[in-house]
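Analysis of the macromolecular model
Here is how the chains run, residue by residue.
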Amino acid sequence: MPKRLDARFLRRRGRPSRVLRAAVSGLAALCIAGAASAQERVEVASPEALLEFFENLDYTPEAWQAGIREVPRVYLMDVGEHWKVNSQNIEVIQKKRIFFRTLGPLVLRANEKILADRERLLALQAKDDAGGEDATWLTKLAQRYKVEGADAVALAELVKRVDAVPPSLVLAQGAEESGWGTSRFAAEGNALFGQWTWGGKGIKPKEQREELGDYRIAAFDAPLESVDAYLLNINTNDAYAGLRERRATTREKNAPVSGWELAETLTSYSERGREYVDSLHAIMRVNKLRPTDDAILADGQEWQIYPAGK
């Protein structure tokens, strides 16, 4: 069973009254998942309670506006129906803040994993002599990113694919595709990007278009899996080769990769074409997302967020 917040935690940041109010209101029943992994399980009863928890970590709009770009490792483990219901009763600005601050760490974590693979890949490319364990790892990576062959051309293509996607673009697409995390697909399957599937686990749309076959919206056990799958789709699907080309060209110039610029290549992500790109740009502009491309994950402590009673 989760433990109640202890006195040590209540004294954190020197603001016991705020955290105590959050605990009384059902913010968190907390347990240590393992001292070695520095993980804590936090149960939240409502979106407002989640905001209280973020404030205790100084993960706030004020900190962001002050130029702090370090983001705590706060990972939502399940969206659930409660989010959809509870979020309908809060102000739009609060709904947006919760959505972006909840999805942000997941995006950064997913990119962090990709960049770790990229670093190892670049090291092997420079060495030009992958054998043993490295060769096995490289083969699996190529299979994951749908690259055939083992010559220099194939390796160069793999380097082009194994790369991060700017957070501003991921956040904008997540907001567009999931209705700020309140869609039926997000509630029932942690699906944040509206990805289609024709097999396996998925959620059938209420108005499925028969001419397109028995397609479904891919469902996931956790929101991070949805982010991972979205990034893999961007990095492997032929429809997004233009994004990968532009990203690689930008890398070659040692220039920062911009979500705004890469969004220009996504006319094939939606049947809306250019209108879809304009919508992503509007979300980035209105919500001032472009600076999120500079965000980084803080080292150390990790919090896993669950709906109360999950």
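Model, not experiment: these values are computed from the prediction.

Parameters and conventions
- Residues numbered from 1 in each chain as written.
- Predicted model: local features only at pLDDT ≥ 70, side-chain atom pairs only at ≥ 80, totals over all residues.
- Heavy atoms only, no water.
- Helix = DSSP H or I, 4+ residues; strand = E, 2+ residues; numbered from the N terminus.
- Buried < 20%, exposed > 50% of the residue type's maximum accessible area, 1.4 Å probe, protein only.
- Contact = heavy atoms within 4.5 Å.
- Areas by Shrake-Rupley, 256 points an atom, 1.4 Å probe, with all protein chains shown as cover.
- Core = buried A, V, L, I, M, F, W, Y, C linked by side-chain atoms within 4.5 Å.
- Pairing = 2+ DSSP bridges.
- Phe/Tyr/Trp six-rings, centres within 6.5 Å; stacked < 30°, edge-to-face > 60°.
- Lys NZ or Arg CZ within 6 Å of the ring centre and 35° of its normal.
- Axes fitted to C-alpha atoms, helices over the stretch in contact; angles between N-to-C directions.
- Parallel < 35°, antiparallel > 145°, perpendicular 65-115°, else oblique.
- Nonpolar A, V, L, I, M, F, W, Y, C, P; charged D, E, K, R; others polar.

A tally of regular secondary structure across the chain gives 14 helices and seven strands. Counting over 310 residues, the chain shows a buried share of 49%. Across the chain, contacts joining residues at least 24 apart in sequence account for 66% of those joining residues at least 6 apart. For the chain, the exposed surface amounts to about 15600 Å²; the carbon and sulfur share of it is 50%.

The biggest cluster of nonpolar side chains holds 67 residues, and the ones touching the most others in it are Leu-121, Leu-158, Leu-169, Tyr-230 and Ile-305. Examining the composition of this core, we find that 11 residues originate from one element, helix H6 (residues 92–127), more than from any other. Apart from residues no more than four positions distant in its own chain, Leu-158 is found in contact with Leu-121, Leu-138, Leu-141, Ala-142, Tyr-145 and Val-147.

Okay, the pairing of strand S7 (residues 296–307) next. Note: strand S2 (residues 39–44) against S7, six bridges, orientation parallel. Its bridge partner lying in S7, Val-44 is registered against Pro-307.

Let us now look at the packing of aromatic side chains. Throughout the structure, instances matching the rule amount to eight aromatic pairs. Judged by centre distance (5.1 Å) and plane angle (70°), the ring pair of Phe-54 and Tyr-59 falls under edge-to-face. Residue class for Phe-54 comes out buried when judged on its relative accessible area of 1%. Look at Tyr-59 and you get buried, because its relative accessible area is 9%. Ring pairing ties together the aromatic residues Phe-99, Phe-100 and Trp-180, which thus form one cluster. Cation over ring: Arg-41 sits above Tyr-306, and NZ or CZ is 3.9 Å from the ring centre. The ring of Tyr-59 carries Arg-101 above its face, with NZ or CZ at 5.9 Å from the centroid.

At a closest axis distance of 7 Å, the pairing of helix H11 (residues 223–236) and helix H12 (residues 241–252) adopts a crossing angle of 85°. The orientation of H11 with respect to H12, classified from their angle, is roughly perpendicular. Touching Ile-234, Asn-235 and Thr-236 of H11 are Leu-243, Arg-244 and Arg-247, all from H12. Grouping the constituent residues of the contact of H11 with H12 by class yields two nonpolar, two polar and two charged.

So, about the pairing of strand S3 (residues 70–76). Across the seven residues of S3, six count as buried, placing the element largely inside the fold. Across six bridges, S3 lies against S7 in parallel orientation. If you follow Leu-76 over to S7, its bridge partner there is Ile-305.

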